[in-house]
Amino acid sequence: MAKLPEKKVRIDAVDALRGFAIMGIMLLHSIEHFNFYVFPDKNTQPDWLNNLDEGVWDTLFFIFGGKGYAIFAVLFGFTFSLMFAKQQNLGKDFGYRFLWRMVLLAGFAFINGLFFPGEVLLMYSIVGIILFLVRKWSEKALLFTSLFFLLQPIEWIHYFIYLFDNEYMVPQTQMSSYWGFIKKGQLSDSFFELIKNNTLYGHKVALLWAYGVGRLLQTAGFFVLGYWLGKKNYFRDSVKSRMFWKKTLTLSILAFIPLFMIEVNMKANITEKIYKDTLVKAIDMYGNLAFTFILISVFLLLYKTTIFKKSTNGLRHCGKMSLTAYVFQSIVGSYVFYEYGLGLGPSLGHTKSFLLGILLFVIQVYIYKYWLKTFKQGPLEKLWHKLTWLKTK
């Protein structure tokens, strides 16, 4: 394995890419009203605005739906590769310290979940255990493991069971009652009611939903793949890495186009629920995987150009403070859209919410920019670092 320098050197392209993922998550959450699915009556809006709302929704989900979090997950695995390699160079095993780090991440998830019931940090802290298990594996074993998880094995298991038992139906997660309690908290003007219901039911819903749509194992695949990419040094600028991302871009485009066409055709013509819960779901996740790497490849290749690098400079500040940014946007988003705060959710359609999301994100970028002029890390990053490296007797 290549030795990394002991001095910590940030990779600007990775920070900017992480900021890009945070931006995508912020914009999607904004048009969803941070899982507060209450929107204006279409009859109160002109047709042109309803059509624009629909276009904004479809476009943002096409670009970022299932991809923003995926980029974030790949970079989570990449960060692990850096931390593990640094400790390995010092003759230490980072694995057990990483497990403690995941316990701390679960604590941040609890705080984030007070405000936003769709947060992913708890899932990351649980699924992150896979990195502990594979930390000493060979590069080839890591690649095959990531591909196994990314193939959506649960969906295929359900499908093969159906082939032998045509009465079989995929078990459904019972989330409707949980959503009812969460919605009650979002509609309440009591902050205590919100955090109580989010705490009791939000994490359950988030984990059940992630399992139901196939994200649990996919996230494990992205974590391991990010670790593999880090070990291969593909995020560091070099002739080898540029060639890798060009090939990845080509293969991703060639994979995405037929996958997208197959998915559209299947959704239009398949009515049987068993196929929607297995084959269609798997194809959808494969398409998201391919498009995710189109986004990553294009971003990293364009980042070599001066114009693109300068135009995305603000994303770099956000990427350096990604944990703080993710939690902060949950706090701001809940206050803006839920009834305990400004309560704008019911009065804003997708277009207005999208524009508001852009404004809120830009404000955040400037906050992070000025914070980093004084401090090296965001407040939550600093706390996470300090607690990670607590001295033990």
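Here is a short report on the structure shown in this document.

Rules used in this analysis
- Residues numbered from 1 in each chain as written.
- Predicted model: local features only at pLDDT ≥ 70, side-chain atom pairs only at ≥ 80, totals over all residues.
- Heavy atoms only, no water.
- Helix = DSSP H or I, 4+ residues; strand = E, 2+ residues; numbered from the N terminus.
- Rg over C-alpha atoms; globule rule 2.2 N^0.38 Å.
- Buried < 20%, exposed > 50% of the residue type's maximum accessible area, 1.4 Å probe, protein only.
- Contact = heavy atoms within 4.5 Å.
- Expected span 1.5 Å × (residues − 1).
- Core = buried A, V, L, I, M, F, W, Y, C linked by side-chain atoms within 4.5 Å.
- Axes fitted to C-alpha atoms, helices over the stretch in contact; angles between N-to-C directions.
- Parallel < 35°, antiparallel > 145°, perpendicular 65-115°, else oblique.
- Nonpolar A, V, L, I, M, F, W, Y, C, P; charged D, E, K, R; others polar.
- 1 Å grid on protein atoms, 1.4 Å probe; cavity = no way out; pocket = protein on both sides within 12 Å on 5 of 7 lines; lining within 4 Å.
- Points joined across faces, edges and corners; volume = space filled by probe spheres on them.
- Phe/Tyr/Trp six-rings, centres within 6.5 Å; stacked < 30°, edge-to-face > 60°.
- Lys NZ or Arg CZ within 6 Å of the ring centre and 35° of its normal.
- Left-handed = near helix turned anticlockwise from the far one by under 90°.
- Patch = residues over 30% accessible without salt bridge, like charges linked within 9 Å, V, L, I, M, F, W, Y side chains within 5 Å.
- Areas by Shrake-Rupley, 256 points an atom, 1.4 Å probe, with all protein chains shown as cover.
- Salt bridge = Lys/Arg side-chain N within 4 Å of Asp/Glu carboxyl O.

**Regarding the overall build of the protein**
Here is step 1: A count of helical and extended segments in the protein gives 18 helices and 0 strands.
Here is step 2: Taking 21 Å as the expected radius of gyration for a compact globule of 393 residues, we find that the protein reaches 21 Å, a close match to that expectation.
Here is step 3: Across its three principal directions, the C-alpha atoms of the protein cover 65 × 55 × 50 Å.
Here is step 4: Buried residues in the protein amount to 53% of all 393 residues.
Here is step 5: Taking the contacts inside the protein whose residues are at least 6 apart along the sequence as the reference set, 80% of them involve residues at least 24 apart.

**Some words on helix α17 (residues 350-374)**
Here is step 1: An ideal rise of 1.5 Å per residue puts 36 Å on 25 residues; α17 measures up with 36 Å between its terminal C-alpha atoms.
Here is step 2: Burial in α17 covers these residues: H350, T351, S353, L356, G357, L360, F361, Q364, V365, Y368 and L372.

**Digging into the nonpolar core**
As a rule of thumb, nonpolar side chains are buried together in soluble globular proteins.
Here is step 1: L17, Y124, F222, L229, F235, W245 and F293 are the most contacted members of the largest nonpolar core, which has 103 residues in total.
Here is step 2: Broken down by element, this core gets its largest block of residues, 13 residues, from helix α1 (residues 12-31).
Here is step 3: Setting aside residues up to four positions removed in sequence, W245 forms contacts with L229, Y234, F235, F293, I296, S297, L300 and L301.
Here is step 4: Core analysis: the second largest hydrophobic core is formed by 13 residues, Y159, I274, V280 and Y286 among them.

**Things to note about the packing of helix α2 (residues 47-64) against α17**
Here is step 1: Where α2 meets α17, the closest approach of the two axes is 7 Å, and the angle between their N-to-C directions is 55°. Between α2 and α17, the angle is such that the two are oblique. Seen from α2, the contacting residues are L49, L52, D53, V56, W57 and L60; seen from α17, they are H350, T351, K352 and F354.
Here is step 2: Of the residues belonging to the contact of α2 with α17, the class tally is 6 nonpolar, 2 polar and 2 charged.

**Quick look at empty space enclosed by the protein**
Here is step 1: Counted under the stated rule, the structure contains 2 cavities of 30 Å³ or more.
Here is step 2: In this model, the second largest cavity occupies a volume close to 40 Å³.
Here is step 3: As for the second largest cavity, its lining consists of Q152, P153, I154, E155, Y211, G214, L216 and L217.
Here is step 4: Contributing elements (two or more residues each) for the lining of the second largest cavity: α8 (153-164) and α11 (215-231).
Here is step 5: Here the lining of the second largest cavity gets 3 residues from one element, more than from any other, and that element is α8.

**A closer look at the packing of aromatic side chains**
Here is step 1: Applying the stated criterion across every chain, the model contains 47 aromatic pairs.
Here is step 2: Between F80 and F94 the ring centres are 6.0 Å apart and the planes differ by 45°, which places this aromatic pair in the tilted class. Within this pair, whereas F80 is found in helix α3 (residues 68-89), its partner F94 is found in the loop between α3 and α4 (95-115), the two being separated by 14 residues in sequence.
Here is step 3: The exposure class assigned to F80 is buried, which follows from its relative accessible area of 1%.
Here is step 4: Look at F94 and you get buried, because its relative accessible area is 1%.
Here is step 5: Relative to F308, the ring of F299 lies with its centre 5.1 Å away and its plane at 80°, an arrangement referred to as edge-to-face.
Here is step 6: By the ring-pair criterion, three or more aromatic residues cluster together here, those being F78, W228, Y234, F235, F244 and W245.
Here is step 7: One residue, R101, lies across the ring of W384, its end atom 3.7 Å from the ring centre.
Here is step 8: Lying across the ring of F132, R135 places its NZ or CZ 4.2 Å from the centre.

**Things to note about the packing of helix α16 (residues 322-337) against α17**
Here is step 1: It is at 11 Å that the axes of α16 and α17 come closest, and there the two elements cross at 135°. Considered as vectors, α16 and α17 are oriented oblique to each other. For the pair α16 and α17, the sense of crossing is right-handed. Taken together, the residues of α17 that come into contact with α16 (itself represented by T324, A325, F328, Q329, V332, V336 and F337) are S353, L356, L360, Q364, I367 and Y368.

**A word on a nonpolar patch on the surface**
Here is step 1: Taken together, the side chains of F62, I253, I257, F260, M261 and V264 make up a nonpolar region of the molecular surface, amounting to roughly 530 Å² of accessible area.
Here is step 2: When residues of the nonpolar patch are assigned to their parent elements, the largest contribution, 5 residues, is made by helix α12 (residues 239-269).
Here is step 3: Note that V264 resides in helix α12.
Here is step 4: On the basis of relative accessible area, V264 is assigned to the partly exposed category, the value being 44%.

**Concerning the pattern of salt bridges**
Here is step 1: The tally for this structure, following the rule as stated, stands at 10 salt bridges.
Here is step 2: Measuring nitrogen to oxygen at the nearest pair gives 2.9 Å for the salt bridge that ties D93 to R135. Residue D93 is found in the loop between α3 and α4, and its partner R135 is found in the loop between α6 (129-134) and α7 (139-150); the two are separated by 42 residues along the sequence.
Here is step 3: Under the relative-accessibility criterion, R135 is labelled buried at 10%.
Here is step 4: Residue D237 pairs with R242 through a salt bridge whose shortest N-O separation is 3.1 Å.
Here is step 5: Given a relative accessible area of 52%, D237 falls into the exposed group.
Here is step 6: A relative accessible area of 34% places R242 in the partly exposed class.
Here is step 7: Ionic contacts of the salt-bridge type, sharing partners, join the residues D93, R135 and K136 into one network.

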